[in-house]
Structure formats: structure tokens, C-alpha cells
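Observations on the model geometry
Listed below are the residues making up each chain.
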Amino acid sequence: MFNITHISFWIVFAALLFFTRKQRILWPLLALALLLLFNDIFTPGFFNLELREGHLYGTLIDILKHGGIVMLVSLGMTLVIATGGVDLSVGAVMAVAGAVLAQAAINHQSPFVAMIFALLVSLVLGAWNGLLVAGIGIQPIVATLILMVAGRGVAQLITEGQILNFTDATLVYIANGYLLGMPFTCTLVLVLLAVTYALTRGTALGLFIESVGDNDIASRYAGVNSRFVKFIAYVFAGFCAGLAGLVAASNIKSADANHAGLYAELDAILAVVIGGTALTGGRFYLLGSIVGALLIQTLTTTMYARNVSADIAPVPKALVVIAVCLLQSDKARRYFTRLFPRRNPPAAMTETLTAAAPKVEAGS
Amino acid sequence: MKKLILLSSALVVALSGCGKKETSTSEPSGGGGKSVSVGFSQIGAESAWRTANSQSIKDEAQKRGIKLVFSDAQQKQENQIKALRSFIAQNVDVIAFSPVVETGWEPVLQEIKQAGIPVILTDRAVDVSDPSLYATFIGSDFVEEGRRAAQWLADKTGGKAQIAELVGTPGSAPALDRKKGFEEVLAKYPDMKIIKSQSGDFTRAKGKEVMESFLKAPDAKQITALFAHNDDMALGAIQAMEEAGVKPGSEITIVSIDGVKAAFEAMTAGKLNCTVECNPLIGPQLFDSIDAVLAKKDLPRRIVVQEGVFDQSKAAAELPNRKY
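Numbers given for residues are sequential positions, taken from 1 along each chain in its written order. Naming scheme: in the order in which they are written, chains are lettered from A and ligands are numbered from 1. Under the rules for a predicted model, residues below a pLDDT of 70 receive no local features and side-chain atom pairs below 80 are neither given nor counted, while totals for whole chains, interfaces and linings still include all residues.

**Re the domain arrangement of chain B**
All names here are of chain B. To be explicit about the condition: Residue ranges for the domains trace back to a domain assignment, done automatically or taken from a database. Residues are treated as contacting if the C-beta atoms built from their backbones sit within 7 Å of each other. Three classes are used, and their members are as follows: Ala, Val, Leu, Ile, Met, Phe, Trp, Tyr, Cys and Pro are nonpolar, Asp, Glu, Lys and Arg are charged, and the others, Gly among them, are polar.
Taken domain by domain, chain B comprises domain 1 (35-139 + 280-306) and domain 2 (142-278). Of the residues lining the interface, 8 residues belong to domain 1; the matching set on domain 2 comes to 10 residues. Of the residues contributing to the side of domain 1 that touches domain 2, the split by class is 4 nonpolar, 1 polar and 3 charged.

**A few points about helix 5 (residues 142-157) of chain B**
Residue pairs spaced three or four apart in an α-helix point in one direction, given the helix's 3.6 residues per turn. Residue and element names in this part refer to chain B. Heads up, the condition is: Numbered from the N terminus, helices here are DSSP runs of H or I no shorter than four residues, and strands are runs of E no shorter than two. To estimate the expected span of a helix, subtract one from its residue number and multiply by 1.5 Å. Counting other C-beta atoms within 10 Å of its own, a residue is labelled buried from 20 upward, exposed at 12 or fewer, and partly exposed in the gap between, with every C-beta atom placed from the backbone.
Compared with an ideal rise of 1.5 Å per residue, which puts 16 residues at 22 Å, helix 5 spans 23 Å between its outermost C-alpha atoms and is within 8% of the ideal. Where helix 5 is concerned, the buried positions are Phe142, Glu145, Gly146, Arg147, Arg148, Ala149, Ala150, Gln151, Trp152 and Leu153. Residues of helix 5 that are buried make contact with strand 7 (161-167), helix 6 (173-186), strand 9 (225-228), strand 10 (253-258), strand 11 (274-277) and strand 13 (309-311). Following helix 5 by one or two positions, Gly158 has its phi on the positive side, about 65°.

**Brief notes about helix 4 (residues 106-114) of chain B**
All names here are of chain B. Filter applied, for reference: Think of it as the arc spanned by the lines of direction from the helix axis to the C-beta atoms.
Among the residues of helix 4, those classed as buried are Val108, Leu109 and Ile112. Each buried residue of helix 4 lies within a common arc of 100° when the element is viewed along its axis, so the set occupies one face. Seen from the open side of helix 4, the exposed residues pointing more than 90 degrees away from its buried face are Pro107 and Gln114.

**Considerations on the packing of helix 4 (residues 90-106) of chain A against helix 6 (residues 140-159) of chain A**
Residue and element names in this part refer to chain A. Under the convention used in this document: To obtain an axis, a line is fitted to C-alpha atoms, over the contacting stretch when the element is a helix, and the angle between two such axes runs from 0 to 180 degrees between their N-to-C directions. Oblique is the label for every angle not falling under 35 degrees (roughly parallel), over 145 degrees (roughly antiparallel), or within 65 to 115 degrees (roughly perpendicular). The hand of a helix crossing depends on one turn: near helix anticlockwise from the far one by less than a right angle means left-handed, and clockwise means right-handed.
Running from N to C, helix 4 and helix 6 point in directions that differ by 15°, and their axes come no closer than 8 Å. The angle between the axes of helix 4 and helix 6 places the two elements in the roughly parallel class. Once helix 4 is placed against helix 6, the crossing between them reads as left-handed. Across the interface between the two elements, Gly91, Ala92, Val93, Ala95, Val96, Ala99, Val100, Ala102 and Gln103 of helix 4 pack against Leu147, Met148, Gly151, Arg152, Val154, Ala155, Ile158 and Thr159 of helix 6.

And the structure:
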């Protein structure tokens, strides 16, 4: 805990927290810092980093590597949620993209053709969602639920219910390769983040998305093509999910239509919410979603590293997530700070919960 | 606008149709008398093993000219309960299913009993207090598989091993029973210990992720053996070992359960040491029992599937015979 790398790591992190002290991203960053600090003190070997075969090797690198999938998905999800919608189909799109990739690779397509093919299919699936939501005006949850249920079936149809293995070096590189000592997945996330950031904050597109999410009708009267803005958000979410699907398939060198991206939509929504984007639409925070995804993966890896049995692992995870979400809420923070001098906030929480419970019983 | 809504709802129906994957695989092939119909609810298609299991059942139904209503639960108990209720509504003659989890089946099995439809469990057992809720259970003895894996490992290592364990889906019968059988045998060998145990959810991706974490623990060097509750997790773990520069099959002895084709390929490559077979080809035994149930014959409560243990020495010879 007291060697030079640890100290410099924590100095950098503390500086990060200091510079973001007035921004929304502070809360997920703070939670991440606390979780890492806990591991630094109590989980032996968690912060060990070494060079193996020319790349960094250690638990922290694993977090970046495996968190990449949720990060990619959550970038697309952020924009969709910012328009006031939600995309439940991203996990299924991941499975389809992986299935297309593996099937193309097995049929001796060049790896780049296979990747382009898989990404095109995910764009089409994203466009389908966009068409239903923006074109026809179906509720986003209902519209994307269709593909969430059907997509996995489509993926299984493509793989014929089998786990398809591939060995192509380029395809394996996506999730297992290293660039400049860091997992290639990190590069992928950084590039996508930079592109998304440039497109949404460098142009007016981000403002359009926020205005559509805030007030659809008002922005339409102001001359924003709200349908097109929404459509683009879903297409982009499809693309991000497709990319994540490539990473997931590459990671295990095979397409597992049944498990690839299972519950990825929930992880992505959680990452977006932890990052500070409101589910009601309007404001969005791309970096916040990335930090949210990191937090989720850090939690998962912590459970492995501390040998917490899988039966009870969801409980500590849920507690951390609840704590972060409460931290995020201005209302809850005000409530706690107001109550703190007089009463214990958790006690107050249980009080309201028990007060609410009999009502529910009476109702049912 | 109206047209568009109609069009999209038609597409919805078409698409959700392929998501559900409820298919009649075979029609009764002529012949006099009332044709037999069987409803089968499968867990999903999560592995090559499961696909071979489904295929064996479908093939056998076709061969015997039995109408099979096959439903895929996609790993969810609620889907499976829905499927079982739809079988009651369709008034099939026999219901067979592989339960996703062990518990929570009492209410729906009571409904089936009231409808007078006999139930046959395959592959995984259920935990119910009333034994009359099902006629028989055909499947592998998971406890025995765990015992065999442990026995093989004890013989191979001379009773000395520090074992990492990749557990299956928490709460599922194979995970609970394989662990139980494995630990039973381990109790006889004081120098064999499980030093790490974590769930890999029976999938390659999780098996790999968990093994990576095992290999980064401070006591990682002590691990001399790996016991994976299924082949897929072992295959994922092998990838993790190779990436960490650990030689699977020699530095860490790996034993897993199932006996899928990919495991035999890994054994011939020297990366996996042993797989305890868990035979999925239960179609013939299942339909023999269905015939017996319909003829009101007495069935044993438990029918065990024929299975073997394969290590590297037998792998090359067995590989061409593997169907799944």
C-alpha cells in the first residue's frame, strides 16, 4: 500500500476528484475510489501490476479489459436514454453480432469482411429499433423489447444452436490483444468515446439530443428534426452493441448465442444511471457512463478476488449500487445532510420502509 | 399510419415467433389408433451438450412417429412454467422437462397432476415434498460424476493437490451435486484441498474471467489442479491459463465433466487431462419410459444414464465417435 506506484496512483486519483468536485461525475468517481481503496487495503494482490510478455498484467488490467464490453454498450445507451428512451435489445444485438462474426469467419471470409458484416447487421438492427420508436412512435421499452426477445433467437438461428469456434488471429486480437502494453479493448473504448464526444459536444448534435429528451414537442417547434435525432441515437446504440458483441465473441474465441451479452442491457442502463444521466432524458454524461461501467466491473472483480461465493455476491453488489444511486440524487443528499445531525439516516430509511410496508399489504 | 402499425405488429408476431422457438418437430406418421403427443420443455441451448440432448430427443420422437411439442425455456424458470401450462392447455399425453433450477416447481406440478398428465424429469431433478408429482427421473447421477472426477484426480496426483474449483450456476442441481460428490471423495484424501471456489455459470466467458482472477491471487502459484463443473468453463479457463503463461494440462491438472467434442479436442492437444462423461443422448431411454408410463407399467423412480470416464490416453480413439 505504501510503495511509489500506489502513492502516485492515489495522488492522481485525488487530483481527479479535486478537479471534478463541482461536477456530477464526482459521485461515481468517489464511489470507485472508495471501492479501490477498500481493495488496496484489504484484498492482497489487487493492485499488483507486472509486465508479462510485453504487456501489463494484473487485476486492474482485467477490470479495464472485461469492463470494456459494458463501456461500449453504455456509450450508445447514454445517447438513447438522453433522448428519453431506452434500448433493451443491446444484449441480443451483441449475440447476433457475435454469431454473424463467427459464422462469417467459419465460412472463410476475411476477418475484416466478417467484422464489417457483423457491424452492418447491428446497424440494421439499431435502425429497426429507431424505425419503431422514431418512425412509428411505439414506446421505446416495448419497441426494443421485441428485438430483445427475438434477437437471441435470431442469433441461435445463425449459429444453429451451437457454440461456434474460430481461430483467426485478427479476430482473436480484438479482445485478447495488447496495444502499447494495454488491452486493445481500451483503445477501442477510447476511440469510440472520443468520436462520440466530438460528435455530440463538438457539433450541435448533443444539444439536439438533450432538447429532444427534455421536451420533444418544444424542440420540434424550435426546428429540431426530433424523429431523425432519435433514429440516429438508436442506430448508434446498435452499432455500439455490435462492437461490444465482437469483443465478447473474440474474448472466448467463439460465438455463444445463449450467453453473449446476457443482461448486458441491464448493466449498461445501470452504468448510465450511475454515471449521472437521468432516465427521464435531457442531460447526458458520456464520461460518467464510462466510470459507471468501471464501477460495475470493479465490483464483479472484487467479488472474485475476495472469493465471495456467487450465492451471496449480488447482495454486496446491490448495496454498493444503492449507495451510489442515493449519492447521485440531489434530493437524497439534501435529505441526509439535513437529517444527519439529529438522526441516523439508515434508521430513517428503515422507518419509511416499514411505514410503507403495511400499505402494500392492505392494497393486495 | 394505420397500415404501418398493422405492418409492424405483423412483424412483431413473426419475430417473437422465432424468439420463442416452439416447434412441432414431427407429425404422427399415419398408422391407426390415437397418436401419442409429448410436451418437452428444454432448459435452453446453452452448450453443445444441451443441443445434442435436444437433438437426441427430437430424432427419437421422429423415429417413433410421436408428436413432440418442443419448447425452449432460454434458461428461465418462468418461461418453463409458462411452457408447462401451455402443455396442459394443449392436453398432451405426457410432459417431460429438464428443470432450470431445483426448487419452485410444486404449484405447476400440482396443476399437471390435477390435469392427469404424467411427468417425466430428464437430466436435472426437482426438490418437491410430494413424490407422486412425477413418474420417474431419467438422468445422469451428478453426485457420482463429482465422485469420479475427484477419484480420477486423486489417482493421477497421488492424493496431493491444491484445487481451484469452477462451480456451475448457483442453485442448479448439477452444480450442487457435482460439488457434493467431489467433496465426498476429497474427504478421504487429507492432502487434497479446494483452495479456491467460485461460480463460472457454466459458460466459457465466465470460466475465463474467474480463472484470470484465480491466477492473479497471491496464492495462485499453489494451484496444482482445476476442477470445472463443465467442459465449457474448463475451456475458458484453459484460455486464461495460456494468456497468463501457465501451461494447462501439465502445470495445472484439469478435470472437468460433460465430455463434449471440444473437450476431446483439448485433450488430444494435451491441454485438458480428463473429462467425466455426462451422456446427453437420452432420447431412446426417454421414449421407452414414456411408452411404459402410458402402458401403466411400474417404473423405477430413478433411471441412470450409461456414462464413462475419458482421460488423454483414451481421447484420440474416442474423438471420432463424439457426436456433440
